[in-house]
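Descriptive analysis of the structure
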Amino acid sequence: VAYLIIFHILFVLFVWTYWKSIFTLLVQPGKKYHMSYADKERYENEERPEVQRQILAEIARKLPVYTRTGNGGVRFCDRCQLIKPDRCHHCSVCAICVLKMDHHCPWVNNCIGFSNYKFFLLFLAYSLLYCLYIAATVFKYFIKYWTGELTNGRSKFHILFLLFVAVMFFVSLMFLFGYHCWLVSRNRSTLEAFSAPVFQNGPDKNGFNLGFVKNLQQVFGEEKKLWLLPIASSQGDGHFFPMRALCEAQNPLLANEEQWEDDGIDEEPH
């Protein structure tokens, strides 16, 4: 009975988080990030790239936008006709700009971004536990099959197949979940891990890293009772994220911490 209760608890959490990852509506940038008709007409009628960049810069001054393109320009989406908020990217599959886009996941047929990243992490965690639980409960029957105690040929095939699939998915999910745990601890998305966000002072891979606890709270919220449930509790609205540079002005120790890490890496033994 205890095995069945634990199994169904994990199963319900697995299905619940999977459902939320798939069907949670993606959050798109607000209206103030879209170009007005006049600005759009002025931008499209201008043929000189440097003047177009100036037009975008003028519009961006009114918005809480701090990240830039590789050449220092304002991040603008030609397809959606909007100024991209920080950490926002255009998904070519969904054909929309997604706030704090992490990646497009074919397994859930949806983009993983600000609105469902917490659900995706919980989905990975409960999938991992679900596979581990199945493998652990089936393993003793696998031992019986190996020692010849099981005589039913059909049951042998089912046990071997179930154990193989559970272990295979467990190993795969373990690496994927571990990678995303590392990303959360550094406050990075998958896209930012491959290409560091660019600020006015240049690229900074730790631009949004506020420390482990604050990074965790940014994804899961401050109410710990909601951390393990697929209920929306992430901080903010996905349009603006606190930056390390702003926090360093309030707490210089953060800047020193980064300097200590770099000195430790660059230091060579004599």
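Residues numbered from 1 in each chain as written. Predicted model: local features only at pLDDT ≥ 70, side-chain atom pairs only at ≥ 80, totals over all residues. Heavy atoms only, no water.

1. Digging into the overall build of the protein
Within the protein one finds nine helices and eight strands. Out of the 270 residues belonging to the protein, those deemed buried represent 43%. Counting every atom, the protein has about 16,400 Å² of accessible surface; 62% of that belongs to carbon and sulfur. (Helix = DSSP H or I, 4+ residues; strand = E, 2+ residues; numbered from the N terminus. Buried < 20%, exposed > 50% of the residue type's maximum accessible area, 1.4 Å probe, protein only. Areas by Shrake-Rupley, 256 points an atom, 1.4 Å probe, with all protein chains shown as cover.)

2. Re the packing of helix 1 (residues 2–23) against helix 4 (residues 117–147)
At a minimum axis distance of 8 Å, the contact between helix 1 and helix 4 shows a crossing angle of 150°. Judged on the interaxial angle alone, helix 4 and helix 1 are roughly antiparallel. Relative to helix 4, helix 1 is oriented so that their crossing is left-handed. Seen from helix 1, the contacting residues are Ala 2, Tyr 3, Ile 6, Phe 7, Leu 10, Phe 11, Leu 13, Phe 14, Thr 17, Tyr 18, Lys 20 and Ser 21; seen from helix 4, they are Phe 119, Phe 120, Leu 122, Phe 123, Tyr 126, Ser 127, Leu 129, Tyr 130, Tyr 133 and Ile 134. (Axes fitted to C-alpha atoms, helices over the stretch in contact; angles between N-to-C directions. Parallel < 35°, antiparallel > 145°, perpendicular 65-115°, else oblique. Left-handed = near helix turned anticlockwise from the far one by under 90°. Contact = heavy atoms within 4.5 Å.)

3. A look at the confidence of the model for the protein
If pLDDT is low for a region, its predicted coordinates should not be looked at in detail. In this model, the protein carries an average pLDDT of 89, and 89% of its residues clear a pLDDT of 70 or more. Within the model, the stretch residues 252–270 combines pLDDT values under 50 with seven contacts to residues more than four positions away or in other chains. (pLDDT = per-residue confidence, 0-100.)

4. A few points about the side chain of Asp 86
By secondary structure assignment, the location of Asp 86 is in the loop between strand 2 (82–83) and strand 3 (89–91). At 5.1 Å, Arg 75 is the nearest oppositely charged side chain to Asp 86, a buried residue that forms no salt bridge. For Asp 86, the side chain forms a polar contact with the main-chain nitrogen of Tyr 66, separated by 3.0 Å. Among the polar contacts listed, one links the side chain of Asp 86 to the side chain of Thr 67, at a separation of 2.8 Å. When sequence neighbours within four positions are dropped, the list of residues in contact with Asp 86 reads Pro 64, Val 65, Tyr 66, Thr 67, Arg 75, Phe 208, Gly 238, His 239 and Phe 241. (Lys, Arg positive; Asp, Glu negative; His and termini not counted. Salt bridge = Lys/Arg side-chain N within 4 Å of Asp/Glu carboxyl O. Polar contact = N/O pair within 3.5 Å; in protein donor to acceptor, adjacent residues only side chain to side chain.)

5. Quick notes on the packing of aromatic side chains
Each aromatic ring pair is characterised by the separation of its centres together with the angle its planes make. Per the stated rule, a full pass over the model turns up 16 aromatic pairs. Consider the rings of Phe 7 and Phe 11, whose centres lie 6.3 Å apart with planes at 5°: the pair is stacked. In this pair, Phe 7 and Phe 11 are both assigned in helix 1, four residues apart and thus about one turn of the helix distant. We classify Phe 7 as partly exposed; its relative accessible area is 25%. Owing to a relative accessible area of 37%, Phe 11 belongs among the partly exposed residues under this scheme. For the ring pair Phe 220 and Trp 227, a centre distance of 6.0 Å and an interplane angle of 45° mean the geometry is tilted. Directly above the ring of Phe 208 sits Arg 87, whose terminal nitrogen or CZ lies 4.3 Å from the centroid. The ring of Phe 241 has Arg 87 sitting right over it, with the charged end atom 5.0 Å from the ring centre. (Phe/Tyr/Trp six-rings, centres within 6.5 Å; stacked < 30°, edge-to-face > 60°. Lys NZ or Arg CZ within 6 Å of the ring centre and 35° of its normal.)

6. A short note on the pattern of salt bridges
Under the counting rule described, the total for this entry stands at five salt bridges. Salt bridges linked by common partners bring Asp 39, Arg 42 and Glu 58 together as one network.

7. A short note on a nonpolar patch on the surface
A surface patch of nonpolar side chains, amounting to about 360 Å² of accessible area, comprises Val 167, Val 171, Met 174 and Phe 175. Inspection of the secondary structure assignment puts Phe 175 in helix 5 (residues 153–186). (Patch = residues over 30% accessible without salt bridge, like charges linked within 9 Å, V, L, I, M, F, W, Y side chains within 5 Å.)

8. Thoughts on the nonpolar core
For soluble globular proteins, the rule of thumb is that nonpolar side chains tend to be buried together. Ranked by internal contacts, the top residues of the largest apolar core, which has 20 residues, are Ile 112, Tyr 117, Phe 120, Leu 121, Val 184, Val 219 and Phe 220. Every element with two or more residues in this core is listed here: helix 4, helix 5 and helix 7 (212–220). At nine residues, helix 4 tops the list of elements feeding residues into this core. Beyond its immediate chain neighbours, meaning those up to four positions away, Tyr 117 contacts Asp 102, Ile 112, His 180, Leu 183, Val 184 and Val 219. In this structure, Met 35, Tyr 43, Leu 56 and Leu 63 belong to the second largest nonpolar core, which totals 13 residues. (Core = buried A, V, L, I, M, F, W, Y, C linked by side-chain atoms within 4.5 Å.)

9. Some thoughts on the state of the cysteines
The final tally for this structure, using the stated rule, is zero disulfides. Cysteine Cys 77 remains unbridged, with the sulfur of Cys 97 as its closest cysteine sulfur at 3.5 Å. (Disulfide = S-S within 2.5 Å.)

10. Thoughts on unusual backbone geometry
In this structure, Arg 87 takes a positive phi of about 75° despite not being glycine. One can find Arg 87 in the loop between strand 2 and strand 3. Among the residues examined, Arg 87 registers a relative accessible area of 3% and is labelled buried. The backbone of Lys 100 shows a phi angle near 45°, a positive value even though the residue is not glycine. The class of Lys 100 is buried, set by a relative accessible area of 10%.

11. Quick look at helix 4
Look at helix 4: 45 Å from first C-alpha to last across 31 residues, which is about the 45 Å you get at 1.5 Å a residue. Just past helix 4, the residue Gly 148 takes up positive phi, approximately 85°. (Expected span 1.5 Å × (residues − 1).)

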